[in-house]
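Per-entry structural report
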2 protein chains.
Amino acid sequence: LKERPKTVGEVGEFELIARLESRCRTPPLPPEVALGIGDDTAVFRCDGALLLATCDIQIEGVHFELDLIGPYKLGRRAMAVNLSDLASMGGGPSFALVSMGLPACLALEGFDEIFEGMRDEMAEYQAAIVGGNLSRSPETLVLDVFMVGRASPETVLTRSGARPGDEIWVTGRLGASSAGLDLLGMYGASAPGELADLAEAHLQPRPRVREGQEIARAGVASAMIDISDGLASDLGHLCEKSGVGAEIHQADLPVADGVEDVARLSQKDMWHYVLSGGEDYELLFTAARGAGREVRRLADRMETPIRKIGAILPLDEGTWLMDAAGNRIPLGAGGWDHFGRDRGAEGE
Amino acid sequence: LKERPKTVGEVGEFELIARLESRCRTPPLPPEVALGIGDDTAVFRCDGALLLATCDIQIEGVHFELDLIGPYKLGRRAMAVNLSDLASMGGGPSFALVSMGLPACLALEGFDEIFEGMRDEMAEYQAAIVGGNLSRSPETLVLDVFMVGRASPETVLTRSGARPGDEIWVTGRLGASSAGLDLLGMYGASAPGELADLAEAHLQPRPRVREGQEIARAGVASAMIDISDGLASDLGHLCEKSGVGAEIHQADLPVADGVEDVARLSQKDMWHYVLSGGEDYELLFTAARGAGREVRRLADRMETPIRKIGAILPLDEGTWLMDAAGNRIPLGAGGWDHFGRDRGAEGE
């Protein structure tokens with residue numbers, strides 16, 4: 001009996017990445033490339049500085065519903081998710097290229113507003129759209145942004161610098177975006193007033209560009225990543241690249257206001273949103289023990305909450321969540337794997 | 001009566017580009033950006049060299065049929081069309097990022113082969129894939145490549161340097177790709193043997209990277225563009241950016257072998273393929289009168305045919321095709337406009 005060939009839907013995103021990585025290993029990277037596949041951005045050397053390059057595709061029906069987000073916010077969001085990747089390296093944007101697949105029925109006014117949103121999001125950083133290409137698309141709107149940014153060779157941060165004993169920190173609060181997404185699913189655009197901020201957090205994420213740059217410049221962090229897949233999953237990426245384990249304390253996790261209320265409405269575990277929700281676009285970083293005072297000073301100056309949530313362990317001690325009762329729960333990737341599995345529930 | 005809002009399907013690609021360009025004009029370009037929207041690539045300064053950045057999205061059902069092209073050739077083609085944009089500036093590739101939208105039913109083997117094709121196409125130039133992102137896509141496979149390349153500030157070529165009196169040159173022969181596409185439409189993968197090369201020219205374009213670099217290095221050209229939309233349309237782009245008119249001679253146009261036979265089969269005018277077919281990925285460039293000997297020497301050395309097809313005119317003399325009988329026919333954009341109109345027939 002001949003086996004049916006496997007499809008991409010039957011394996012996880014991370015297996016796909018491993019497969020393409022093994023295929024892209026040859027030829028060797030050109031000398032100007034400092035960092036290839038496997039971090040938040042690629043890095044290449046340029047004029048004494050480092051350039052960062054990243055891209056992120058947004059597909060209608062997968063990443064957004066146009067009637068819920070609206071064209072202007074879609075444009076801002078498409079840029080924001082790329083800005084967050086630059087932020088996680090301690091960099092800021094220089095320019096972007098935009099590829100679009102346009103269904104013929106898209107309103108011309110909507111097309112204009114997408115670009116106005118993209119432009120306004122970039123203008124906050126004096127960065128601009130410098131090129132791209134337009135195509136028609138049979139049914140779904142496709143928006144792919146390629147962003148180039150800058151970082152300093154002295155302060156650039158990657159996923160791979162965390163060492164056992166380092167403490168783990170996170171900016172802002174977690175769970176808002178995925179709780180907001182569930183709210184939008186339940187109520188559409190008319191979420192209960194006191195929870196509207198959560199829907200907004202999902203539709204209009206605020207990338208931590210200034211925070212990422214300040215954390216890098218202060219020289220306190222050993223590794224950094226943005227929380228796009230979910231805390232558990234992104235901590236897993238950082239640990240994998242650094243060759244370490246980690247322990248985080250549930251009681252110390254900063255939960256966004258309203259997430260508990262949404263959990264009651266959706267009948268999900270609140271910690272699902274906080275640990276595996278994804279798309280919060282907060283920054284997770286590690287810093288040597290003893291840097292706590294400096295981190296707190298930074299948080300005060302930026303007026304951005306930064307919370308210590310755990311510590312890095314040696315690799316062979318694994319990755320754990322310590323719950324309120326003191327139980328150590330193995331922390332799987334558990335984030336948002338785009339393929340094959342549902343959001344959150346997998347715990348691979 | 002309220003008017004129904006216009007859609008993107010009701011206007012041409014070039015109106016869409018004009019609309020987004022006007023929206024992206026603010027903020028002013030960052031100082032490192034040497035060239036924004038409007039040429040084959042964006043250009044930015046880096047380390048004494050110039051970096052080129054371009055992107056090109058390929059959507060299943062619009063740009064390719066996966067069962068006709070096959071995953072390996074699709075991968076090569078996705079890179080080739082971007083390489084051609086770099087070639088038209090006189091540059092070569094450094095690295096690429098790849099965004100993909102994957103339908104769950106895509107065979108894992110096909111996924112692997114797409115990356116093998118992309119890798120092999122880049123390896124011909126010692127260039128590599130350094131990053132990207134994967135997403136699922138509801139139905140259609142989407143493949144978007146962002147490519148960064150290098151050019152020399154002394155020799156980089158744009159669309160805007162053509163001057164009245166310059167002669168117009170084109171590499172290779174024209175019409176093969178669009179004739180091949182029609183063949184594939186008529187016969188699928190089983191085109192008559194002697195015409196199979198045309199189908200192959202469509203499926204597997206060979207970007208003129210080496211030729212573009214040599215033409216730039218020789219310092220003979222005043223402006224250059226690659227023929228992706230079709231000769232008439234791309235000549236129109238070059239004339240618009242240079243602020244000039246042009247006259248080309250039908251009798252001098254290099255027609256690819258077999259195009260006449262396909263025209264008989266498809267009952268189309270052969271000149272439709274040659275003038276408006278698109279996707280030939282040959283280079284069109286202008287050079288001062290008197291540079292002909294140098295251009296021919298270059299052609300001999302590269303073993304690539306380069307044909308003189310006309311001359312640049314002052315703007316107010318318009319853009320014309322001189323037919324075999326000596327009639328001057330106004331030459332509209334006439335290329336492949338992705339929106340609103342069918343391929344070729346428009347003559348705007």
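Relevant structure appears above.
What you are looking at is a predicted structure, and each value in this text was computed from that prediction instead of being measured.

Superposition of the two copies of the chain requires a rotation about an axis together with a shift along that axis. The operation relating chain A to chain B is a screw motion whose rotation component is 180°, with 0.0 Å of axial translation and a residual RMSD of 0.0 Å. Accordingly, the operation relating the two chain copies is best matched by a two-fold axis. Closest to the rotation axis within chain A is the C-alpha of Asp-47 of chain A, separated from it by 2.0 Å. An overlap of 99% is found between the interface residues of chain A and their copies at the interface of chain B, pointing to a shared contact surface.

Further remarks concern the packing of aromatic side chains. Under the defined criterion, the tally for this structure stands at 5 aromatic pairs over all chains. Ring centres 4.4 Å apart and planes at 15° place the aromatic pair Phe-146 of chain A and Phe-146 of chain B in the stacked group. Within this pair, whereas Phe-146 of chain A is found in strand β6 (residues 142-151), its partner Phe-146 of chain B is found in strand β6 (residues 142-151), the two belonging to separate chains. Across this residue pair, the class does not change: Phe-146 of chain A and Phe-146 of chain B are buried. An angle of 55° between the planes, with centres 5.3 Å apart, marks the rings of Phe-111 of chain B and Phe-115 of chain B as tilted. In this pair, Phe-111 of chain B and Phe-115 of chain B both sit in helix α4 (residues 108-123), 4 residues apart, roughly one turn of the helix. Taken as a pair, Phe-111 of chain B and Phe-115 of chain B share a single burial class, namely buried. One Lys or Arg, Arg-328 of chain A, reaches over the ring of Trp-320 of chain A and ends 4.7 Å from the middle of that ring.

Turning next to the sheet that holds β6 of chain B. The strands that make up a sheet are held in pairs by hydrogen bonds between backbone atoms, and each pair lies either parallel or antiparallel. All names here are of chain B. Read across the open sheet, the 6 strands follow the order β1-β2-β3-β6-β4-β5; overall the sheet is mixed. In this open sheet, the two strands that pair with only one neighbour each are β1 (33-35) and β5 (128-136). Taking the axes of each pair of neighbouring strands and ignoring which way they run, one obtains an average angle of 25° across the sheet.

Further remarks concern helix α4 (residues 108-123) of chain A. The first and last C-alpha atoms of α4 of chain A sit 23 Å apart over 16 residues, in line with the 22 Å expected at 1.5 Å per residue. Within α4 of chain A, burial applies to Leu-108, Gly-110, Phe-111, Asp-112, Ile-114, Phe-115, Gly-117, Met-118, Glu-121 and Met-122 of chain A. If you follow the buried residues of α4 of chain A, they end up packed against α3 (71-87), β4 (92-102), β5 (128-136) and β6 of chain A together with α1 (13-23) of chain B.

Moving on, we get to the interface of chain A and chain B. The interface of chain A with chain B comprises 78 residues on the first partner and 78 residues on the second. For chain A, the biggest contributors to the area lost against chain B are Arg-23, Leu-108 and Arg-136 of chain A; these three give 10% of the whole. Applying the counting rule to chain A against chain B returns 8 salt bridges. For Arg-23 of chain A, the salt bridge identified is with Asp-112 of chain B, shortest N-O distance 3.3 Å. In this structure, the connection of chain A to chain B is made through 28 residue pairs in polar contact (both at pLDDT 80 or more). Put simply, the parts of the chain that give the side of chain A that touches chain B at least two residues each are α1 (13-23), β2 (42-46), β3 (49-59), β4, α4, β5 and β6 of chain A. At 9 residues, the largest contribution of residues to the side of chain A that touches chain B is made by β5 of chain A.

Here is what the cut-offs are and how they apply
- Residues numbered from 1 in each chain as written.
- Chains lettered and ligands numbered in written order.
- Predicted model: local features only at pLDDT ≥ 70, side-chain atom pairs only at ≥ 80, totals over all residues.
- Heavy atoms only, no water.
- Least-squares fit on C-alpha atoms with pLDDT ≥ 70 in both.
- Contact = heavy atoms within 4.5 Å.
- Phe/Tyr/Trp six-rings, centres within 6.5 Å; stacked < 30°, edge-to-face > 60°.
- Helix = DSSP H or I, 4+ residues; strand = E, 2+ residues; numbered from the N terminus.
- Buried < 20%, exposed > 50% of the residue type's maximum accessible area, 1.4 Å probe, protein only.
- Lys NZ or Arg CZ within 6 Å of the ring centre and 35° of its normal.
- Pairing = 2+ DSSP bridges.
- Axes fitted to C-alpha atoms, helices over the stretch in contact; angles between N-to-C directions.
- Expected span 1.5 Å × (residues − 1).
- Buried area = accessible area lost by both parts, 1.4 Å probe.
- Salt bridge = Lys/Arg side-chain N within 4 Å of Asp/Glu carboxyl O.
- Polar contact = N/O pair within 3.5 Å; in protein donor to acceptor, adjacent residues only side chain to side chain.

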